[in-house]
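This is what each chain is made of:
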Amino acid sequence: MRLSLVLYLAILSILVQPEQVWKDQLGRVTLLSGILFIMLGLSTDSTPSLISSRAPPPSVMGLPPFPASLEGYKYVILKLGPLQLTRKGLSTATTSACLTFTIFQSASVFLSTTTPEQIAFALRWFIAPLANFGVPVAEVILTLLLSLRFINLVFDEVRNVALGIVSRRINWQQLTILETIDVFFTYIRRIFRNIFVHAEQISQAMIVRGFRGDSTTHKIFLSADSSNGVANYISISCLFGLIALVTLPKFLL
């Protein structure tokens, strides 16, 4: 089930994302999950147990020997010196690697295929009942919408500054340590200065549009009409089907 979910996310990413996006994203996430799988798989049962049994063998006590385990069953799958891959390690590594891949890749697919307005609209629909308990739903949605808009600005500024450093062809080998630190902090200050300028422009734009600090009196238009109803029903059906496949075997066994 875990491997099937990873394969499904990989195929979905290839279908819905541009080629230059999914190649880079899938490569990085797969590399991270692979490193995690190897580390956990080889280290889970590699440390010898500090507690050893003090009971004598069955032959000394006059008891019949333990029955042989099933034919072909091996607990230790692979052994590399002090490191060994066991069935427990394989299960732990598979679970952690698949969960890591699912979290990162599903978040990438979600953010690349869903607009910030649709994300805010969906979250407001889910937490709207909490307004009866005093939760400031309007402020939460407005903060989320501004944060999603602001994240792109931060990445754009970092990319522009990085391109500026590359275009100047700085010879880092000829710089001393203090000069390198000075150049680094100069560009860090430029990034924060540009970010603060964008934040001020956003606040001025909100004031011009009539926002005075009260989210409940300011109308926020969230466009969610671009969503496909058939795709939503199919996605929800797949989600409930996946939950049923995971939970029903636990009740049937």
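Residues numbered from 1 in each chain as written. Predicted model: local features only at pLDDT ≥ 70, side-chain atom pairs only at ≥ 80, totals over all residues. Heavy atoms only, no water.

- As annotated in an unreviewed UniProt entry, the protein carries the name Protein ABCI12, chloroplastic isoform X2 and comes from Nicotiana tabacum.
- Of the protein, the UniProt comment under Subcellular location (unreviewed entry) reads exactly: "Membrane". (UniProt positions renumbered as here; feature names shortened; annotations may be inferred.)

1. So, the UniProt feature "signal peptide" (unreviewed entry) in the protein
Piece 1. As recorded in UniProt, the sites labelled "signal peptide" (unreviewed entry) are residues 1-18.
Piece 2. What you have in residues 1-18 is 83% helix and 0% strand, and the ends, taken at the C-alpha atoms, are 27 Å apart. (Helix = DSSP H or I, 4+ residues; strand = E, 2+ residues; numbered from the N terminus.)

2. Looking at the UniProt feature "transmembrane region" (unreviewed entry) in the protein
Piece 1. Per the UniProt record, "transmembrane region" (unreviewed entry) is annotated on residues 130-151 and 230-253.
Piece 2. Helix makes up 68% of residues 130-151 and strand 0%. Its end C-alpha atoms lie 27 Å apart.

3. A closer look at the pairing of strand E1 (residues 76-80)
Piece 1. Judged from the 4 bridges that link them, E1 and strand E2 (residues 83-86) form a sheet pairing that is antiparallel. When the bridges of E2 are listed, Leu-80 appears paired with Leu-83.
Piece 2. Here E1 folds back onto E2 in antiparallel fashion, the turn holding 2 residues, of which Gly-81 has a positive phi close to 65°. (Pairing = 2+ DSSP bridges.)

4. Describing a nonpolar patch on the surface
Piece 1. A cluster of nonpolar side chains, Ile-77, Leu-78, Leu-80, Leu-83 and Leu-90, forms an exposed patch at the surface whose accessible area comes to about 400 Å².
Piece 2. By residue number, the principal contributor to the nonpolar patch is E1, which donates 3 residues.
Piece 3. By the secondary structure assignment, Ile-77 is in strand E1.
Piece 4. Among the residues examined, Ile-77 registers a relative accessible area of 43% and is labelled partly exposed. (Patch = residues over 30% accessible without salt bridge, like charges linked within 9 Å, V, L, I, M, F, W, Y side chains within 5 Å. Areas by Shrake-Rupley, 256 points an atom, 1.4 Å probe, with all protein chains shown as cover. Salt bridge = Lys/Arg side-chain N within 4 Å of Asp/Glu carboxyl O. Buried < 20%, exposed > 50% of the residue type's maximum accessible area, 1.4 Å probe, protein only.)

5. Structural notes on the side chain of Ser-33
Piece 1. If you trace the backbone, Ser-33 turns up in helix H2 (residues 19-43).
Piece 2. For Ser-33, a relative accessible area of 8% puts it in the buried group.
Piece 3. In contact with Ser-33, other than residues within four places in its own chain, are Ala-97, Thr-100 and Phe-101. (Contact = heavy atoms within 4.5 Å.)

6. Observations concerning the packing of helix H4 (residues 116-127) against helix H5 (residues 137-167)
Piece 1. The N-to-C vectors of H4 and H5 enclose an angle of 160°; their axes lie 10 Å apart at closest approach. Considering the angle they form, H4 stands roughly antiparallel to H5. For the pair H4 and H5, the sense of crossing is right-handed. Residues Pro-116, Glu-117, Ile-119, Ala-120, Leu-123, Arg-124 and Ile-127 of H4 form the contact with H5, whose participating residues are Val-137, Val-140, Ile-141, Leu-144, Leu-145, Leu-148 and Arg-149.
Piece 2. A per-class count over the contact of H4 with H5 returns 11 nonpolar, no polar and 3 charged. (Axes fitted to C-alpha atoms, helices over the stretch in contact; angles between N-to-C directions. Parallel < 35°, antiparallel > 145°, perpendicular 65-115°, else oblique. Left-handed = near helix turned anticlockwise from the far one by under 90°. Nonpolar A, V, L, I, M, F, W, Y, C, P; charged D, E, K, R; others polar.)

7. Considering the nonpolar core
Piece 1. Of all hydrophobic cores here, the largest spans 8 residues; its members are Val-6, Leu-9, Ala-10, Trp-22, Leu-26, Val-29, Cys-98 and Phe-101.
Piece 2. Elements supplying a minimum of two residues to this core: helix H1 (2-16), H2 and helix H3 (87-113).
Piece 3. When near neighbours in sequence (up to four residues on either side) are disregarded, Phe-101 contacts Val-6, Leu-9, Ala-10, Leu-26, Val-29, Thr-30, Ser-33 and Ser-106. (Core = buried A, V, L, I, M, F, W, Y, C linked by side-chain atoms within 4.5 Å.)

8. Some remarks on the pattern of salt bridges
Piece 1. Tallied over the full model, the rule gives 3 salt bridges.
Piece 2. Where Arg-28 meets Asp-24, a salt bridge forms, and the shortest distance between an N and an O atom there is 3.0 Å. Remark: Asp-24 and Arg-28 occur in helix H2; sequence separation between them is 4 residues, near one turn of the helix.
Piece 3. The exposed category is assigned to Arg-28, whose relative accessible area is 57%.

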